[in-house]
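# Residue-level structural notes
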Number of protein chains: 2
Amino acid sequence: MSNNKISKSVIRRLPRYYRFLCELEEKNIDRISSGKLAEIMRTTASQVRQDLNCFGGFGHQGYGYPVSKLKNEIIGILGLNNNYKAVLVGAGHIGTAIAAHMSFEKLGFNLCAIFDNNKTIIGNTINDVLIHDSESIADYCENNNIDAAFLCIPKSAAPEIVKRLYDAGVKNFWNFTHYDIQGEYSDVKVENVHLSDIIMTLCYSMNEEKNE
Amino acid sequence: MSNNKISKSVIRRLPRYYRFLCELEEKNIDRISSGKLAEIMRTTASQVRQDLNCFGGFGHQGYGYPVSKLKNEIIGILGLNNNYKAVLVGAGHIGTAIAAHMSFEKLGFNLCAIFDNNKTIIGNTINDVLIHDSESIADYCENNNIDAAFLCIPKSAAPEIVKRLYDAGVKNFWNFTHYDIQGEYSDVKVENVHLSDIIMTLCYSMNEEKNE
């Protein structure tokens, strides 16, 4: 697979393609035209054709794209079939919501364990995944070759937890905190989710309209 | 203020500048150089100077930027001082986390009410904000001139709730569901938060490294 050629902006759109293709497959739709796919993606047919041409032009003029084949191709490119091993740290409201409602396997991860320091919930499960004591996080990750951690903890707790994870070989983070992981560790991959920044962006759009 | 000239990519960075400037202010730091600010933002000093020049060049060579003044300027551009009126719909785990932990006022919004259809929690409060019955959402929003809604509900509930909100004059959404609001209503502003897409993007980065 020649991933190298695929631009960052195409990659950013792939999860959306994947989501819509899963929905089409659930509706037993076999083929879809670039025009129809563009409509769902709210873009142009030519953008869709250009995007999908990046990784093998298997749409045929007049026939549209084969839904399952296209979905599987995207699974391969995103690496959703790698079954990476992940842990989730912090079983507060956000952590619980994520552990309970995300289909991790569909998203490329096997959620192996949850960690929290609240003794009253240690031993409980969320979606069949056991909540362990945070004290055991380093040993667990080292012994189980954990690839990634989802951080749903307060910012103040992040430096210590990230250090333990990093020392135990975890180098990939999905970060809900405002702790700057990459500022501290240069060889990690991080996706930050800064909810407050997104709220401010909405505020800007509203303000912009007012100023027009 | 000449917002029109400011590019989308600068706007996307402003919330981060704002966050860091708030932190500097809390530490009683009055002035900061473009180099130091670049270090915190993990970018270059020239990028910082270019960004901040967009809205009035009030950094002076050798003196750095006045922290409070710069922060207030960004507040104005983002419109964080407009005190928009918002409601939050869905007091499940994610909704509760957001209502409990976000400093809405700092982010441009006044959270006026929470709505849920679970009778056992109606009448409770989260962070002093009352949980109302979802049945009353249209009347409430109309009577109180609500500007924005934060949707923390299942996708299946979204079409009906968004219709009620839209008909009651709410045109701005912060959307945690996969329901495509803009596909249905063209005159709304939406910030989508697709957590599953962000997980897949992390998966891609990890996969990419493997393929290198």
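Let me sum up the structure you'll find in this document.

What counts and how
Residues numbered from 1 in each chain as written. Chains lettered and ligands numbered in written order. Predicted model: local features only at pLDDT ≥ 70, side-chain atom pairs only at ≥ 80, totals over all residues. Heavy atoms only, no water. Least-squares fit on C-alpha atoms with pLDDT ≥ 70 in both. Helix = DSSP H or I, 4+ residues; strand = E, 2+ residues; numbered from the N terminus. Buried < 20%, exposed > 50% of the residue type's maximum accessible area, 1.4 Å probe, protein only. Polar contact = N/O pair within 3.5 Å; in protein donor to acceptor, adjacent residues only side chain to side chain. Pairing = 2+ DSSP bridges. Contact = heavy atoms within 4.5 Å. Axes fitted to C-alpha atoms, helices over the stretch in contact; angles between N-to-C directions. Left-handed = near helix turned anticlockwise from the far one by under 90°. Arc of directions from axis to C-beta.

### Regarding the relation of the copies chain B and chain A
- Screw-axis analysis of chain B against chain A gives a translation of 0.0 Å along the axis, an RMSD of 0.0 Å, and a rotation angle of 180°. Within this description, the copies of the chain are treated as partners about a two-fold rotation axis. The rotation axis passes nearest to the C-alpha of H93 of chain B in chain B, at a distance of 2.4 Å.

### Focus: the environment of S9 of chain A
Residue and element names in this part refer to chain A.
- Here S9 shows up in helix α1 (residues 8–26).
- A relative accessible area of 40% means that S9 is categorised as partly exposed.
- Between the C-alpha atom of S9 and that of D51, which follows or precedes it by 42 residues, the distance is 9.3 Å.
- Reaching out from S9, the side chain makes a polar contact with the side chain of S7 at a distance of 3.1 Å.

### Regarding the sheet that holds strand β3 (residues 84–89) of chain B
All names here are of chain B.
- Within the open sheet, the seven strands sit side by side as β5-β6-β4-β3-β7-β8-β9. Their pairing is mixed. Where the open sheet ends on each side, the last strands, each with one partner, are β5 (125–126) and β9 (189–192).
- Bridge analysis of strand β7 (residues 148–151) against strand β8 (residues 172–175) gives four bridges, and the strand direction is parallel. Bridge pairing links F150 to W174 in β8.
- Relative to β7, helix α7 (residues 158–167) is tilted by about 170°, and along the sheet it contacts β3, β7 and β8.

### What about the sheet that holds strand β9 (residues 189–192) of chain A?
All names here are of chain A.
- Spatially, the seven strands line up as an open sheet ordered β5-β6-β4-β3-β7-β8-β9, and their pairing is mixed. Two strands close off the open sheet at either side, each with one partner strand: β5 (125–126) and β9.
- Where strand β4 (residues 109–116) and strand β6 (residues 129–133) come together, three bridges link them in parallel fashion. Looking at β6, one finds that F115 is bridged to H132.
- The strands touched by helix α7 (residues 158–167) are β3 (84–89), β7 (148–151) and β8 (172–175); relative to β7, the strand with the most contacts, the crossing angle is about 170°.

### A short note on the packing of helix α1 (residues 8–26) of chain B against helix α4 (residues 67–78) of chain B
Residue and element names in this part refer to chain B.
- It is at 9 Å that the axes of α1 and α4 come closest, and there the two elements cross at 145°. By crossing handedness, the relation of α1 to α4 is classed as left-handed. Residues I11, L14, P15, Y17, Y18, L21, C22, L24 and E25 of α1 pack against V67, S68, L70, K71, I74, I75, I77 and L78 of α4.

### What to know about the side chain of H194 of chain B
- By secondary structure assignment, the location of H194 of chain B is in the loop between β9 and α9 (195–211).
- Once you skip the residues sitting within four places of it in the chain, H194 of chain B turns out to touch R19 of chain A together with T177 and H178 of chain B.

### Focus on helix α2 (residues 34–41) of chain A
All names here are of chain A.
- For α2, the set of buried residues is S34, L37, A38 and M41. One face of α2 carries all of its buried residues, which in axial projection span an arc of 105°.
- The secondary structure elements touched by the buried residues of α2 are α1, β1 (31–32), α3 (45–53), β2 (65–66) and α4 (67–78).
- Where α2 ends, the next residue or the one after it, R42, has phi of about 50°, a positive value.

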